[in-house]
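# Overview (structure and organization)
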Amino acid sequence: MTALDEVKIGGMGASRRRVEDSRFVRGRGNYVDDIKLPGMLHMEILRSPLAHARITSIDTSKAWEIPGVRMVLTGEMMAQRNLAWMPTLSYDTQAVLATDKVRFQGQEVCVVVADDPYIAKDGCDAIVVEYEPLPPIVNPLQSKAADAPIIRDDKEGQTDNTCYRWEVGDAAATERAFAEADVVSSMQLHYPRSHPSPIECCGAVADYNSATQKLTVYMTTQAPHIIRAAFALVTELPEHMIRIVSPDIGGGFGNKVPVYPGYVAATLASILLGKPVKWIEDKTGNLISTGFGRDMYLDAQMALRSDGKILAVRMHADTDQGAFFSDAQPSKFKIGLMHSAFACYDIGTGHITAQGHYTNKAPGGVAYRCSFRVTEAMFFQERMMQAAADDLGIDQAEFRRRNLLPDDAFPARTPFGFLVDSGQYGKCLQVGLEAIGYDDFRKEQAAARARGRRLGIGISTMTEPLGAGNSREYDILGIKMFDSAELRVHMTGKAILRVGAKSQGQGHETTWGQIVAHELGIPASDVIVEEGDTDTAPFGMGTYASRSTPVAGAAIAMVSRKIRAKARRIAAHLLEVSEEDVEWELGRFYVRGAPERGATIQECAMAAYSNMPDGMEPGLENNAYYDPPNLTWPFACYISTVEVDPETGVWDVLRVVAVDDCGVRINPMIVEGQIMGGLTEAYAMANMQFQTYDADGNIVGSNYMDYLLPTAWETPGFELHEVVTPCPHHPIGAKGVGECAAVGGPAAFVNAVLDALSDTGVRNIDMPLLPDRVWEAIQDGHDVSGMPPIRND
């Protein structure tokens, strides 16, 4: 016998076909809306049509009269059970159902529970709510005004609309660096609200069993164990009597991390009625009320030497948090990991300040396919890099090349305290430039401009901190952000792997088995993966912020090694040699110096139940909790070329080149799919996704006619390249990649359009770069802001 071929058994490096797709493409997925329980009732939510108003009265009498209506819940009824308000993951409070006033359009006011969803909708239509309108606030500038109404007047001691202040860096050293600068480059930017827009909206089926006093909730959540802890706090039920089941999820992107009022209301209704209650959100409800991403304003400067060296950066960010501060992010970082900006560049010092603001908008700030605000950080970083290069008169590629961390600089400490441990940043940039044909395009661009055509090329070089989890710094609600895995190898050599993470399309059922195959030589097809049930899965913090491979994947590798260590002792017993004389190659142990004498991992598994050494505990199973020593730091270079029509403002993407260094790749096919999906989202944010508000606080983008998602027709093609720098501290050298393209991609598209307009004096057009905005910039030669409110006349 010889070592197994890892690719043939579906191990690391194999482009193994996705296991989960077998049921999805046949319509056999099991989503929350597929859950049907005996006696199940249905819940609908009545939402506020106004952004800011006092509730003067609620008349539910007509709703109660409708046949089939079983319950109508108001905020007052919730308050009687101490459930009108709930804690958020950011240590704020959020209304479950409004009691005193509504604070954003779409806020939950009442719920109706009925025999079917249509009767419940009729019940909502029959409720009469009287409102006293109040002045709405839709941006931080309005929020800070001296005469601004206090949105959170429910909070004792709240005298303004500020929800947090935060800073990091060395202010004094930064000021000294700016005093020595030859050039100071400045930028003001707005990253607009974006909605994750999963195919499946939020939903839950709450089932309280009064006989056993156990609550089971089937729900669309990316973090079942955290939700269970939050439910225990809100409902005051013992945690071990709460079971959260997250079945198949039709996309999450951060939207399904928070606790939403619909979950709590459905749970209370089930407890009061003694029957299962289902709530399935509709598309408009999802777009206007669930967690948004972005909505951040930046005022920043960069201190530069005339030779192109960056001396320092200083940034102030104002974040629009909406009516409640409900971000899901590490507790100590009020603005997420915004201070990861400029981690890939050799910069001596910097200073960042931030302020969060309450506004009359749905709670925002979820990590929409990013590691806690890193998308904003990288966008601001790369827009500033482009502007600084222009101010210095240095080519944008050369400017980056001069300031990227060199290969011999690692490990490097960033100006804001992060430790970046590995990378080949210059190589990634060079691969991208050669692939796009940078020098030739510059010649083509000059020739085209002479003929009246506007071509542009944009670069975004970025690194993203992934795998938040080292317990020294990272927690949510005080819970440390480690992850876990449990592996059981049956006597026939087949295995079941249970993980605390939760897939929403990342391919966990495929790639997790590949890690086991890599570590043990058990074919990946012989490994069944289970996630999402708190009664069976080991504790985990969930899947978001690209934590899957950096943390959960590491836990899988570590538990596999524990299994292998025990199997080695069994193999020594079977081979009648000391353990020190046993060597390992993929799939089998053998005697040192006599490789023909060996025992496969499957033979060791059988022996664990039938022929174990004296004194050894039977079985071949274990668990592992992984607390990462550091974040992982994938790097990427994205380059886009575009053509802008000066007559219409329409811009077309000509080419997109992506170079990703995500460390060791588990499944190259899945990695490529993640990159393409992320670039598609990046293109959408740069080009078409328009989520904003008018002066009355009405949301513009409450349906898919106004909030556009790219189809295959609009989405450009992508050319993918790779560089591999293994992570030095991760068990399998992986860094993660699921969010990188969505994080770094938008700046490449925006920089390309601005490059095409470089002779107009226009420095910035806020995303999305809609044709009318680009046309206005060209015609008038000025920057175009995207700050709400928009005109509604």
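Everything here concerns the structure above.
End to end, helix 8 (residues 261-273) covers 18 Å across 13 residues, agreeing with the expected 18 Å (1.5 Å per residue, within 8%). Among the residues of helix 8, Pro261, Gly262, Tyr263, Val264, Ala265, Ala266, Thr267, Leu268, Ala269 and Ser270 are the ones counted as buried. Within two residues after helix 8, glycine 274 carries a phi angle of roughly 70°, on the positive side.

Below, the discussion takes up the sheet that holds strand 8 (residues 128-133). Backbone-to-backbone hydrogen bonds join strands into a sheet, with any given pair of strands oriented parallel or antiparallel. Here 3 strands make up an open sheet; going across it, the order is 6-2-8 and the pairing antiparallel. Where the open sheet ends on each side, the last strands, each with one partner, are strand 6 (101-102) and strand 8. The pairing of strand 2 (residues 53-59) with strand 6 spans 2 bridges and is antiparallel. Considered in strand 6, the bridge of alanine 53 is made with valine 102.

Taken together, the side chains of Met491, Met606 and Tyr609 make up a nonpolar region of the molecular surface, amounting to roughly 260 Å² of accessible area. On the secondary structure map, tyrosine 609 appears in helix 16 (residues 601-610). For tyrosine 609, a relative accessible area of 34% gives the class partly exposed.

This brings us to the pairing of strand 31 (residues 651-661). The buried count for strand 31 comes to 8 of 11 residues, which makes it a mostly enclosed element. Relative to strand 31, strand 30 (residues 635-644) is paired through 10 bridges, and the arrangement is antiparallel. Of the residues in strand 31, the one forming a bridge with cysteine 637 is valine 659. Between strand 30 and strand 31, which follow one another and run antiparallel, lie 6 residues, and glycine 649 among them has a positive phi close to 80°. Where strand 31 and strand 34 (residues 719-722) come together, 4 bridges link them in parallel fashion. Following the sheet pairing, aspartate 660 is matched in strand 34 by glutamate 722.

Bringing unusual backbone geometry into the picture now. Here phenylalanine 410 and proline 411 are connected by a cis peptide whose omega angle stands at -5°. Tracing the backbone through its elements, the reader meets proline 411 in the loop between helix 11 (396-403) and strand 18 (412-413). Backbone torsion omega between methionine 767 and proline 768 reads -10°, so that peptide bond is classified as cis. The topology assignment puts proline 768 in the loop between helix 18 (740-756) and helix 19 (771-780). Phi at asparagine 82 takes a positive value of approximately 60°, unusual for a residue other than glycine. By the element assignment, asparagine 82 lies in the loop between helix 3 (75-80) and strand 4 (85-87). Positioned with a positive phi, serine 546 is a non-glycine residue whose angle comes to about 50°. Along the chain, serine 546 turns up in the loop between strand 25 (527-530) and helix 15 (548-575). Assessed through its relative accessible area of 12%, serine 546 is described here as buried.

Basis of the calculations
- Residues numbered from 1 in each chain as written.
- Predicted model: local features only at pLDDT ≥ 70, side-chain atom pairs only at ≥ 80, totals over all residues.
- Heavy atoms only, no water.
- Helix = DSSP H or I, 4+ residues; strand = E, 2+ residues; numbered from the N terminus.
- Expected span 1.5 Å × (residues − 1).
- Buried < 20%, exposed > 50% of the residue type's maximum accessible area, 1.4 Å probe, protein only.
- Pairing = 2+ DSSP bridges.
- Patch = residues over 30% accessible without salt bridge, like charges linked within 9 Å, V, L, I, M, F, W, Y side chains within 5 Å.
- Areas by Shrake-Rupley, 256 points an atom, 1.4 Å probe, with all protein chains shown as cover.
- Salt bridge = Lys/Arg side-chain N within 4 Å of Asp/Glu carboxyl O.

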